[in-house]
Amino acid sequence: MFSHNRRKLLQTSGALLAAGAMSSPLRAQTAAPRVVVIGGGFAGATLAKYVRLWNPKIQVTLIEPNPSHVSCILSNLVMTGALGMTDITIRYDTLRTKYGVSIVADRAVAIDPVNRRVSTLNGSQIAYDKLVLAPGIDFDAIPGLDSSVLPHAWQAGPQTLALKAQLQAVPAGGTFVMSIPQAPYRCPPGPYERACLIADSLLRNRRAGKVIVLDANPDVVAEAHTFHTAFSTTYAGVIEYRPGTEVLSVDWASKKITTNWDTIQADAANIIPRQKAGKLVVAAGLLGSAPGARWAPVNPLSYESTLVPNVHVIGDSQGTGQPKSGHMANAQAKVCADALVRYFAGEAPDPAPMTNSACYSPITSKTASWLTVVFGYDAASGLMKPVPNTLAEAPAPTRGHYEDMFGWAKNLFADSFS
Ligand SMILES: Cc1cc2nc3c(=O)[nH]c(=O)nc-3n(C[C@H](O)[C@H](O)[C@H](O)COP(=O)(O)OP(=O)(O)OC[C@H]3O[C@@H](n4cnc5c(N)ncnc54)[C@H](O)[C@@H]3O)c2cc1C
């Protein structure tokens, strides 16, 4: 779909660029359109790359404080020691050298949607014609929980290594407590995958005591059959799954975790708080005033905010109801990039965009399962909806799926960052 649309666009790029210059209300007719992207994860990096690929006349500036992206995808394998940090760390160099993306190593702190400017921590003011926010997620506070001491590791990086240290510190026969927040959260099968790998690691190192899984949801959120089977067979006697159980507070000085049912004594823990859109999305008023809003409402044809014009939100921060995954962030970024290229050409967005998602989950150190779904735009409701018969999952974890996982991840990393 994309290549066909873009081929058509590139064939007629001269005429379209002229139309784009005329349609831009703020800019002189000869000036190049400016797209500014905040956040260089799977969403923001893909957006920056594809806007430049599909129309190199558009200036793209990526604001991202880190020199490289550390992928959450495969990060549970760093926790177990199967992979190293370098395997999940991707530099931004190619976006600059191959696609001409300007990279500003800074943090965006405020948006002025009237004058179309972004302010950064170091005091820069960066002007845009179109702004794309892709800052990922933020977390609710849990009383007593300090994630710099007890890592959630739901953003990869130093916390991934801190979680690995937690796992290594479990004494023989000890208790590891992990919690799963209320959905929707980043990567639906991810926490269950992590529980399996913690149990696998303890078993392989002959330290198996107990892994207590506190799930704020009434049941397993994704691949229920696969994970229930793993919990009750492969990890029988090790994983204790407790649905409907929410962490209310943590006292890590005495290693006690209090839930809506009881207080549990742990030796090590991984508490993953409930999630919401990235801080800047909230600060910019992009959630609106609906009580309890956590994700930014957008038009799924372009990912433009329904509240603030010329500001688009993609990836985990947006609220279209599609799964929050890196694969989906990459797909949304391409829909948004296509809509921006069309906008500057004076065209309407594609009226029937499609996206898809895939998650691979290692279940043991040698096997994995997978889950996939395709979404399509439903014109009657204005929503993205799962395309009938596309929701599929591996019937059982296998060694073959484990091998395929690395090929899938390699392709996704390359398509997003190089
Ligand atoms: C354990 C685990 C396993 C996973 N497995 C899979 C999987 O198998 N398949 C899959 O598809 N997905 C998986 N995911 C989910 C995937 O990692 C996320 O959905 C994806 O990273 C979302 O991309 P994003 O670009 O929206 O956010 P992020 O990747 O979090 O990127 C956000 C970026 O924005 C930057 N940023 C934030 N605020 C600012 C600011 N103010 N100024 C400038 N920059 C800013 C951050 O530094 C960061 O680089 C997994 C996640 C976890 C935790």
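See the structure printed just above.
Residues numbered from 1 in each chain as written. Predicted model: local features only at pLDDT ≥ 70, side-chain atom pairs only at ≥ 80, totals over all residues. Heavy atoms only, no water.

A. Geometry of the layout of surface pockets. Approximately 370 Å³ is the volume attributed to the second largest pocket. As for the second largest pocket, its lining consists of 23 residues, of which Pro-188, Gly-321, Gln-322, Pro-323 and Lys-324 are closest to the centre. Within the residue set of the lining of the second largest pocket, elements represented by two or more residues are strand E22 (354-362) and strand E23 (368-378). Top contributing element to the lining of the second largest pocket by residue count: E23, with four residues. Tallied by class, the residues present in the lining of the second largest pocket amount to 14 nonpolar, seven polar and two charged. Two domains each put at least three residues into the lining of the second largest pocket: domain 1 (2-138 + 276-352) and domain 2 (141-273). (1 Å grid on protein atoms, 1.4 Å probe; cavity = no way out; pocket = protein on both sides within 12 Å on 5 of 7 lines; lining within 4 Å. Points joined across faces, edges and corners; volume = space filled by probe spheres on them. Helix = DSSP H or I, 4+ residues; strand = E, 2+ residues; numbered from the N terminus. Nonpolar A, V, L, I, M, F, W, Y, C, P; charged D, E, K, R; others polar. Domains from an automatic or database assignment.)

B. Quick peek at the sheet that holds strand E17 (residues 268-271). Read from one edge of the open sheet, four strands run E13-E12-E11-E17, paired in parallel fashion. Lying at the two open borders of the sheet, with one neighbouring strand each, are strand E13 (239-242) and E17. Taken pair by pair, the neighbouring strands of this sheet meet at an average axis angle of 15 degrees, ignoring direction. Inspection of the sheet shows strand E11 (residues 175-180) paired to E17 by four bridges, in the parallel sense. Residue pairing across strands places Met-178 opposite Asn-270, the latter belonging to E17. Contacts from helix H7 (residues 190-204) reach E11, strand E12 (210-215), E13 and E17 within the one sheet, and its direction differs from that of E11 by about 170 degrees. (Pairing = 2+ DSSP bridges. Axes fitted to C-alpha atoms, helices over the stretch in contact; angles between N-to-C directions. Contact = heavy atoms within 4.5 Å.)

C. Structural detail: the pairing of E23. Pairing geometry for E22 and E23, over nine bridges, is antiparallel. Opposite Asn-356, over in E23, you have Val-374 as the bridge partner. Hairpin geometry of E22 and E23 is characterised by an intervening segment of five residues between the two adjacent antiparallel strands. Taken together, the two bridges between E23 and strand E25 (residues 392-393) define a ladder with antiparallel strand orientation. In the strand pairing of E25, Thr-372 is matched with Ala-392. Note that E23 and strand E24 (residues 383-386) share four bridges and pair antiparallel. Paired with Asp-378 across the bridge in E24 is Leu-383.

D. Focus on the site of the ligand. Neighbouring residues of the ligand: 34 residues in total, closest Glu-64, Ala-108, Arg-186, Gly-326 and His-327. At 2.9 Å from a nitrogen atom of the ligand is found a main-chain nitrogen or oxygen belonging to Ala-108. When the ligand is considered free in solution it has 1000 Å² of accessible area, and contact with the protein chains removes 94% of it. For the shell around the ligand, the secondary-structure elements that each account for two or more residues are helix H3 (42-54), helix H4 (75-80), helix H10 (326-344) and E22. Here the shell around the ligand is composed, by residue class, of 17 nonpolar, twelve polar and five charged. (Near = heavy atom within 4 Å. Polar contact = N/O pair within 3.5 Å; in protein donor to acceptor, adjacent residues only side chain to side chain. Areas by Shrake-Rupley, 256 points an atom, 1.4 Å probe, with all protein chains shown as cover.)

E. Examining the packing of aromatic side chains more closely. Applying the stated criterion across every chain yields a total of ten aromatic pairs. Aromatic pair Phe-227 and Phe-231: ring centres 6.4 Å apart, planes at 45 degrees, arrangement tilted. One end of the pair, Phe-227, and the other, Phe-231, are both in helix H8 (residues 224-234), four residues apart, so they sit about a helical turn from each other. The exposure class of Phe-227 is buried, given its relative accessible area of 0%. Take Phe-231: its relative accessible area is 6%, and that puts it in the buried class. Among the aromatic residues, those joined into a ring-pair cluster are Phe-42, Tyr-92, Phe-413 and Phe-417. (Phe/Tyr/Trp six-rings, centres within 6.5 Å; stacked < 30°, edge-to-face > 60°. Buried < 20%, exposed > 50% of the residue type's maximum accessible area, 1.4 Å probe, protein only.)

F. A look at the pattern of salt bridges. Taken as a whole and judged by the stated rule, the model has 16 salt bridges. With its nearest N and O atoms 2.5 Å apart, the salt bridge here joins Arg-186 to Asp-316. With Arg-186 in the loop between E11 and H7 and Asp-316 in the loop between strand E21 (311-313) and H10, this residue pair connects regions lying 130 residues apart in the sequence. With respect to class, Arg-186 is no different from Asp-316; both count as buried. Of the charged contacts in the structure, one is a salt bridge between Asp-262 and Arg-242, with a shortest N-O distance of 3.5 Å. Here the residue Asp-262 occupies a position in the loop between strand E15 (256-259) and strand E16 (263-265), and Arg-242 occupies one in strand E13, the gap between them amounting to 20 residues. The exposure class of Asp-262 is partly exposed, given its relative accessible area of 32%. (Salt bridge = Lys/Arg side-chain N within 4 Å of Asp/Glu carboxyl O.)

G. Looking closely at unusual backbone geometry. Following Ala-183, the chain continues to Pro-184 via a peptide bond in cis, the omega torsion being 0 degrees. Tracing the backbone shows Pro-184 in the loop between E11 and H7. You will see that Tyr-303, though not glycine, has its phi angle at about 65 degrees, which is positive. Within the secondary structure, Tyr-303 is located in the loop between strand E19 (298-299) and strand E20 (304-305). Accessibility expressed as a relative area gives 0% for Tyr-303, which makes it buried.

H. Highlighting the sheet that holds strand E6 (residues 108-112). Spatially, three strands are ordered E6-E7-E8 in an open sheet, and the strand pairing comes out antiparallel. At either margin of the open sheet sits one strand with a lone partner, and together these are E6 and strand E8 (125-127). Pairwise comparison of adjacent strand axes, ignoring direction, gives a mean angle of 25 degrees for this sheet. Of the strand pairs in this sheet, E6 and strand E7 (residues 117-120) are connected by four bridges, and their pairing is antiparallel. Its bridge partner lying in E7, Ala-108 is registered against Thr-120.

All quantities given are derived from atomic positions and should not be read as evidence of function.
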